Amino acid sequence: MSSQTTISPYDLANLNILVVDDQEDVRKGLKRLISSLGCDVAMCCSAEDALQLLGARSFDIVFTDLKMGGMSGDELLKQINQRWTDIDVVLITGHGTIDLAVACLRNGASHFITKPFDNKEILAFIERAGYGILARRQAKDRAANHRGRSIIAADAKMRAVMELVDQVAQHKVPVLIEGASGTGKELIAREIHNRSPVHSKPFQAINCIALPDTLLESELFGYKKGAFTGAHKDSTGLFERVDGGTVFLDEVSSMSSLFQGKLLRVLQEKTIRPLGGNGERTVDFRIIAASNRNLEELVKNGEFREDLYYRLQVMKISLPTLKERKACIPALAGHFLKQSASEFFYDDHPCPELSPAAMESLLEHNWQGNVRELENTIKRALVIFKGDRILPSHLGLADDSSLAESLFTQPLTSYEEGKQKAIATFQRQYVEAVLQRTSGNISRAAEMCGLTRAALQRIMRKLELERA
Ligand SMILES: Nc1ncnc2c1ncn2[C@@H]1O[C@H](COP(=O)(O)OP(=O)(O)OP(=O)(O)O)[C@@H](O)[C@H]1O
Ligand SMILES: [Mg+2]
């Protein structure tokens with residue numbers, strides 16, 4: 001859950017290093033030394049060549065001589081600072097140029113080394129800088145991964161939500177996300193964090209419904225050794241651990257009113273007191289809260305503290321149910337299909353398509369469990385389908401849209417369209433039932449229901465039903 005960095009000494013071999021010097025023995029000596037860490041070392045004999053190579057591939061550290069024929073090392077440093085801000089530049093200097101090297105430190109160089117070289121000093125520098133470089137790289141990869149998690153927003157309501165996400169991400173204000181179960185509250189909370197300037201800091205989620213007051217308190221505020229039975233050593237709370245990142249409090253409405261008061265105090269004062277401790281500690285975090293109940297209503301009924309509500313909902317994002325964003329269903333279904341196929345199938349298995357009738361069933365279904373239910377439906381269909389297409393029967397949707405119910409809950413269609421839909425539903429249920437009784441034997445099924453074999457097959461083709 002948290003964004004911990006895990007770098008071992010072996011990872012230093014992933015560093016790409018460039019040595020620029022017009023003296024061959026210096027280049028070769030440095031290459032031999034640095035290669036002993038396993039790093040990839042490239043060499044150039046002029047700053048001009050170096051600039052070309054830097055344009056062609058990426059480097060983490062550049063060692064450059066200060067005095068070279070042609071462009072000097074300090075000019076190369078300037079160019080690198082302007083174009084490749086992530087690169088650490090180390091200057092190689094003789095005794096005559098130490099003053100210039102010191103000046104370069106002020107202009108963005110990371111370090112300078114004097115000739116003759118102290119090998120240990122050079123290796124120690126690469127190790128030190130290398131950990132920082134690799135940590136930055138990991139953080140970037142993580143952020144890119146998170147950003148890669150697509151959020152489908154194919155209708156106006158969801159597009160408005162995503163615009164709001166973009167805006168709130170840039171400001172450290174509390175955000176309240178409201179939405180029914182499975183509408184994507186946690187996904188949106190993570191997206192706000194990932195788009196924020198602190199995306200490389202931890203994002204920590206905690207579900208308030210799962211924890212009683214005392215556990216919630218020790219988890220969020222931390223505790224001192226001996227604070228309660230089982231507290232064998234000091235423990236840092238989540239508010240402190242996120243260290244400038246984001247705390248996601250899920251299901252805030254389930255907090256006791258006593259705990260609501262404690263949380264309010266933390267939000268106001270930005271300090272915590274660990275259980276069993278007496279000192280206050282300053283904490284720095286952004287809070288995102290989520291609830292699948294309407295907090296405003298709960299405030300009106302006296303079930304949620306009004307002052308805490310106003311603290312949490314500085315920015316409020318309300319997620320529509322899946323029914324309210326039907327236009328997103330095809331894109332979501334396609335997204336889950338691709339995502340789950342790449343997860344479940346071995347490499348050469350093609351991703352099946354959804355048949356038009358299956359897509360229609362998805363559009364018609366009454367999604368009580370919202371996006372999560374749709375995701376699970378697609379996953380299940382991927383496991384049980386046969387052939388190259390997903391058919392309505394593979395979706396296993398309980399037919400909750402009984403005619404009477406749908407007449408009251410769905411927009412009214414024309415009489416003829418409604419009748420055709422009702423007939424199709426009847427035909428599907430009827431044919432599936434009869435085929436089940438005959439274990440897929442079409443001739444016997446046709447006989448049982450008083451149809452010709454050809455007529456039954458015509459209905460099956462129309463409904464994309466399979467014998468199985
Ligand atoms: N717009 C979307 N695009 C893509 N995937 C989505 C979208 N919304 C939700 N999902 C996916 O649906 C699933 C449920 O989302 P999430 O867990 O964020 O919902 P939730 O509102 O927190 O649910 P609950 O109230 O049950 O905790 C997740 O797998 C999530 O990735
Ligand atoms: Mg959730």
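Residues numbered from 1 in each chain as written. Chains lettered and ligands numbered in written order. Predicted model: local features only at pLDDT ≥ 70, side-chain atom pairs only at ≥ 80, totals over all residues. Heavy atoms only, no water.

Quick notes on the overall build of the chain
Working step 1: From N to C terminus, the chain includes 20 helices and 16 strands.
Working step 2: Relative to the globule expectation of 23 Å for 468 residues, the C-alpha radius of gyration of the chain, 31 Å, shows a markedly less compact shape.
Working step 3: Principal-axis analysis of the C-alpha atoms places the extent of the chain at approximately 105 × 60 × 40 Å.
Working step 4: For the chain, buried positions account for 43% of its 468 residues.
Working step 5: Counted over contacts in the chain with a minimum sequence separation of 6, partners at least 24 positions apart contribute 71%.
Working step 6: Total accessible area on the chain stands at roughly 24,400 Å², and carbon and sulfur atoms take up 51% of it. (Helix = DSSP H or I, 4+ residues; strand = E, 2+ residues; numbered from the N terminus. Rg over C-alpha atoms; globule rule 2.2 N^0.38 Å. Buried < 20%, exposed > 50% of the residue type's maximum accessible area, 1.4 Å probe, protein only. Contact = heavy atoms within 4.5 Å. Areas by Shrake-Rupley, 256 points an atom, 1.4 Å probe, with all protein chains shown as cover.)

Topic: the packing of aromatic side chains
Working step 1: On inspection of all chains with the given rule, the structure shows seven aromatic pairs.
Working step 2: Ring geometry for Phe-221 and Phe-259: centres 5.9 Å apart, planes at 20°, overall stacked. Taken together, the residues Phe-221 in helix H8 (residues 213-221) and Phe-259 in helix H10 (residues 257-269) connect sequence positions 38 residues apart. There is no split in this pair, since Phe-221 and Phe-259 are both buried. (Phe/Tyr/Trp six-rings, centres within 6.5 Å; stacked < 30°, edge-to-face > 60°.)

Structural notes on the sheet that holds strand S13 (residues 286-291)
Working step 1: One open sheet accounts for five strands, arranged S7-S10-S13-S6-S14; its pairing is parallel. With one partner strand each, in any of the chains shown, strand S7 (203-207) and strand S14 (315-318) form the two edges of the open sheet. Recorded for the sheet is a direction-independent mean angle of 20° between the axes of neighbouring strands.
Working step 2: Pairing of strand S10 (residues 246-250) with S13 involves four bridges; the strand directions are parallel. In the strand pairing of S13, Leu-249 is matched with Ala-289.
Working step 3: Docked against the sheet, helix H7 (residues 185-194) engages strand S6 (175-178), S7, S10, S13 and S14, running at close to 155° with respect to S6. (Pairing = 2+ DSSP bridges. Axes fitted to C-alpha atoms, helices over the stretch in contact; angles between N-to-C directions.)

A closer look at the pairing of S7
Working step 1: Counting buried positions over the five residues of S7 gives four, a clear majority of the element.
Working step 2: Two elements, S7 and S10, share five bridges in a ladder whose sense is parallel. The residue bridging Ala-205 from the neighbouring strand is Phe-248, located in S10.

So, the pattern of salt bridges
Working step 1: With the rule as written, the count across this model stands at 22 salt bridges.
Working step 2: Between Arg-195 and Asp-166 there is a salt bridge, with its nearest N and O atoms 3.2 Å apart. Remark: Asp-166 occurs in helix H6 (residues 156-169) and Arg-195 occurs in the loop between H7 and S7; sequence separation between them is 29 residues.
Working step 3: Here Asp-166 falls in the partly exposed class, since its relative accessible area comes to 39%.
Working step 4: Here Asp-284 ties to Lys-172 by a salt bridge, and the two come within 2.5 Å at their closest N and O atoms. Residue Asp-284 is found in the loop between strand S12 (281-282) and S13, and its partner Lys-172 is found in the loop between H6 and S6; the two are separated by 112 residues along the sequence.
Working step 5: A single salt-bridge network, built from bridges that share partners, covers Asp-166, Glu-191 and Arg-195. (Salt bridge = Lys/Arg side-chain N within 4 Å of Asp/Glu carboxyl O.)

Let's talk about the sheet that holds strand S1 (residues 16-20)
Working step 1: What the five strands build is an open sheet, ordered S2-S1-S3-S4-S5; its pairing is parallel. Each of the sheet's edge strands pairs with one partner strand only, and the pair in question is strand S2 (40-44) and strand S5 (111-114). For this sheet, the mean inter-axis angle between neighbouring strands, taken without regard to orientation, is 20°.
Working step 2: Across five bridges, S1 lies against S2 in parallel orientation. Of the residues in S2, the one forming a bridge with Leu-18 is Ala-42.
Working step 3: Here helix H1 (residues 24-35) sits on the sheet and contacts S1, S2, strand S3 (61-65) and strand S4 (88-93); the angle it forms with S2, its principal contact strand, is near 170°.
Working step 4: Lying on the sheet, helix H3 (residues 73-83) is in contact with S1, S3 and S4; it crosses S3 at an angle near 155°.

Bear in mind that shape data such as this cannot, by itself, settle questions of function.
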